[in-house]
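# Tertiary structure, described
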Amino acid sequence: HHYTAEGEEWVEERAEEQMALEAIFEAAFEAESAHVWRLQLDLEGIDENVKQSLGECFLELHLPPGCRYPAEAPLPILRNAALMPRTRRAVNGALAAHAATLVGQGPVVHTLAMWLQQYIPHIAAHFLNIDMREAAEEADGEEEGGEEEEAGLS
């Protein structure tokens, strides 16, 4: 019965955190299911050009069946269409590592969201330049020509 009591405790903590996140982030936070929470990141204070290039950024938290979050780390995933898969993997690796260090220190989601919002400008400034340069190089490699290429990239 010890397991049941412990289980109920994390279920309650998770429900409390969900309510707090809904209060803090309002419409930007959504519990899509018992296993997926999604938070649209606030990109205020980020350079307009970067913000436009980046588009919408979401922090998804996956709480797979059997995951005892907050007693263990959730699986955080940055969803963003502008970043190349390799870049997203690097960011998601860093997010997962950061989430693991936060276990046992109370609710992780708000802390992760704040951490990610702080680093998104750096990630974007660094990786969007690289990703766009690579995309342009790939386009250059496919076809030597000017205007059609640029139209394809926009």
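Residues numbered from 1 in each chain as written. Predicted model: local features only at pLDDT ≥ 70, side-chain atom pairs only at ≥ 80, totals over all residues. Heavy atoms only, no water.

### What about the confidence of the model for the protein?
As a reminder, the rule being used: Each residue carries a pLDDT score, the predictor's confidence in it, ranging from 0 to 100. Here a residue-residue contact requires only that any non-hydrogen atoms of the pair lie within 4.5 Å.
A residue-level look at the protein finds 84% of positions with pLDDT of 70 or above and a mean pLDDT of 82. In this model residues 1-5 is a low-confidence stretch, pLDDT under 50, and it forms one contact with partners more than four residues away in sequence or in other chains. pLDDT under 50 marks residues 144-154. Its contacts with residues more than four places away, or in other chains, come to six contacts.

### Things to note about the nonpolar core
The line we're drawing: Residue types Ala, Val, Leu, Ile, Met, Phe, Trp, Tyr and Cys, when buried and joined through side-chain atoms within 4.5 Å, form a set referred to as a nonpolar core. A simple rule labels every residue: compare its accessible area, found with a 1.4 Å probe on the protein chains alone, to the largest value its type can have, and call it buried under 20%, exposed over 50%, or partly exposed in between. Numbering of helices and strands runs from the N terminus; a helix is a DSSP stretch of H or I covering at least four residues, while a strand is a stretch of E covering at least two.
In this structure, Leu41, Leu78, Leu116 and Ile120 are the most contacted members of the largest nonpolar core, which totals 31 residues. Contributions of two or more residues to this core are made by α1 (2-25), β2 (36-40), α2 (48-54), β3 (58-62), α3 (85-102) and α4 (109-142). The biggest single contributor to this core is α4, with eight residues. Apart from residues lying up to four places away in sequence, Ile120 is in contact with Leu41, Leu43, Ile46, Leu54, Cys57 and Leu78.

### Quick look at the pattern of salt bridges
Where we set the bar: Counted as salt bridges are all cases of a side-chain nitrogen of Lys or Arg within 4 Å of a carboxyl oxygen of Asp or Glu.
Inspection of the entire model under this criterion finds six salt bridges. For Lys51, the salt bridge identified is with Glu44, shortest N-O distance 3.8 Å. Its relative accessible area of 59% is what places Glu44 among the exposed residues. Salt-bridge contacts for Arg79 lead to Glu60; the nearest nitrogen and oxygen are separated by 3.0 Å. A residue pair is termed long-range when its members are at least 10 positions apart, and Arg79 in strand β4 (residues 75-79) and Glu60 in strand β3 qualify at 19 residues. Residue class for Arg79 comes out partly exposed when judged on its relative accessible area of 36%. Take Glu60: its relative accessible area is 4%, and that puts it in the buried class.

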